[in-house]
Amino acid sequence: MSLVTTRAILLRAHPYSETSRVLRFYTQGLGLVGVMARGVRRGASRGRGALVTFGEGVAVLSVRRSRELQSLREFTLQRTRFGLAGDVGRLAGASMAGELVLRHAAQEPPGELYEVLSAGLDRLEATGRKDLAGELLALVWQMVGLLGFGPELEACTACGRFLEDEEPGRFDLMAGGVRCSGCGAVSGSRLVGPRSRVDLRRFLLGEVPRRLVKPRAHLSLLEDFITVHMLGGRRPRSFRFFQFRPSCSRADRYVPDSR
């Protein structure tokens, strides 16, 4: 058994008893960790530092590799991120990011992904409402790429030919990437213009395009992509609360060319 001190973001908490909770932290040093926190509910009721979902701080853990749940010795909260809970859209974006980490991050080294998640949660909390969709898209697409599920945006998924810079294409959801104009459409594919491919590349780098056209269509594509490729066909629960989630008309079910 060893003591490990690491930065940690609380993603989920479940009651275990009248005084204890089971916590799921994403940590900088250990990645995704399940933790038994004994006595924390009693401490919170007495006004001592309650644990906050998406809060970040320094955790001291008693670690035994053979155990499924480690023991929490201490947690010093440094960022509460209360602003996420104060807005349904921000909370939905943070919840989607957390859902991907809980589902897939156990297989990945935590270094870069931890920093991306931490910085992305800060941006979601601080951004204005009109820029919220862009920040959500940038955070979640970047995490999709870091977790090894990034879509193919350069070469046609059917014939392998690289698309020209100004060539329109279609996004083949089941194949996980674009099809060239010569290979045509398959059922469920969507038009994707050349500038929209540029926007998707920027999202995968964690960048927000200067001018985002039709955020509903981009969010629709992201929702469908992670449903098929990352959540086993189950739609992310958090998307139902996001204000930009499409209703969705047929005209909005494609990624527009943002020129």
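Structure's up top.
In this text the structure is predicted, and so the values were computed from the model without any measurement.

K.L.:
Describe the environment of proline 168, listing the residues and the values that go with them.
P.N.:
Considering the arrangement of structural elements, one finds proline 168 in the loop between α5 (132-146) and β6 (169-172). Overall, the relative accessible area of 49% leaves proline 168 in the partly exposed class. Contact partners of proline 168, with chain neighbours within four places excluded, come to Ser181, Val192, Pro194 and Arg197.

K.L.:
Which residues make up the packing of helix α4 (residues 111-126) against α5, and what are the values?
P.N.:
Where α4 contacts α5, the two axes come as close as 10 Å, and the packing angle between them is 170°. Between α4 and α5, the angle is such that the two are roughly antiparallel. In contact with Glu112, Leu113, Val116, Leu117, Gly120, Leu121, Arg123 and Leu124 of α4, α5 contributes Leu132, Glu135, Leu136, Leu139, Gln142, Met143 and Leu146. Counted by class, the contact of α4 with α5 contains 10 nonpolar, two polar and three charged residues.

K.L.:
An account of the packing of aromatic side chains is requested, with residue identities and associated values reported.
P.N.:
With the rule as written, the count across this model stands at four aromatic pairs. The interplanar angle of 40° and the centroid separation of 5.2 Å between the aromatic rings of phenylalanine 25 and phenylalanine 75 together place this pair among those described as tilted. Note that phenylalanine 25 is positioned in strand β2 (residues 21-27) and phenylalanine 75 in strand β5 (residues 70-79), a separation of 50 residues in sequence. The same class applies to phenylalanine 25 as to phenylalanine 75, namely buried. Between phenylalanine 171 and phenylalanine 225 the ring centres are 6.2 Å apart and the planes differ by 75°, which places this aromatic pair in the edge-to-face class. Of this pair, phenylalanine 171 sits in strand β6 while phenylalanine 225 sits in helix α7 (residues 215-229); the two residues are 54 residues apart in sequence, bridging distant segments of the chain. You'll find phenylalanine 171 and phenylalanine 225 in the same group, each marked buried. Taken together, the aromatic side chains of Trp141, Phe171 and Phe225 make up a single cluster linked through ring pairs.

K.L.:
Describe the sheet that holds strand β7 (residues 177-179), naming the residues involved and giving the relevant values.
P.N.:
Where strands meet in a sheet, backbone hydrogen bonds hold them as pairs that are either parallel or antiparallel. Reading across from one edge, β7-β6-β8 is the order of the three strands in this open sheet, with antiparallel pairing throughout. Among the strands making up the open sheet, the edge pair consists of β7 and β8 (190-192). Across the sheet, the mean angle from the axis of one strand to that of its neighbour is 45°, orientation sign disregarded. Taken together, the three bridges between β6 and β8 define a ladder with antiparallel strand orientation. Residue phenylalanine 171 lies in a different strand from β8, and its bridge partner there is arginine 190. On top of the sheet, helix α6 (residues 194-204) reaches β6, β7 and β8; it is set at about 85° to β8, its chief contact. Of the strands in this sheet, β6 and β8 touch α7, which is tilted by about 120° from β8.

K.L.:
Please set out the nonpolar core residue by residue, giving values where relevant.
P.N.:
Generally speaking, soluble globular proteins have nonpolar side chains that are buried together. In this structure, Leu11, Tyr26, Leu117, Trp141 and Met143 are the most contacted members of the largest nonpolar core, which totals 48 residues. Those elements giving two or more residues to this core turn out to be β1 (2-15), α3 (88-104), α4, α5, α6 and α7. At 10 residues, α5 tops the list of elements feeding residues into this core. When sequence neighbours within four positions are dropped, the list of residues in contact with methionine 143 reads Ala97, Leu100, Val101, Leu113, Val116 and Leu117. Counting residues in each nonpolar core, the second largest holds 14 residues, with Val4, Val33, Leu51 and Leu72 among its members.

The rules behind these values
- Residues numbered from 1 in each chain as written.
- Predicted model: local features only at pLDDT ≥ 70, side-chain atom pairs only at ≥ 80, totals over all residues.
- Heavy atoms only, no water.
- Helix = DSSP H or I, 4+ residues; strand = E, 2+ residues; numbered from the N terminus.
- Buried < 20%, exposed > 50% of the residue type's maximum accessible area, 1.4 Å probe, protein only.
- Contact = heavy atoms within 4.5 Å.
- Axes fitted to C-alpha atoms, helices over the stretch in contact; angles between N-to-C directions.
- Parallel < 35°, antiparallel > 145°, perpendicular 65-115°, else oblique.
- Nonpolar A, V, L, I, M, F, W, Y, C, P; charged D, E, K, R; others polar.
- Phe/Tyr/Trp six-rings, centres within 6.5 Å; stacked < 30°, edge-to-face > 60°.
- Pairing = 2+ DSSP bridges.
- Core = buried A, V, L, I, M, F, W, Y, C linked by side-chain atoms within 4.5 Å.

In short, geometric facts, not functional conclusions.
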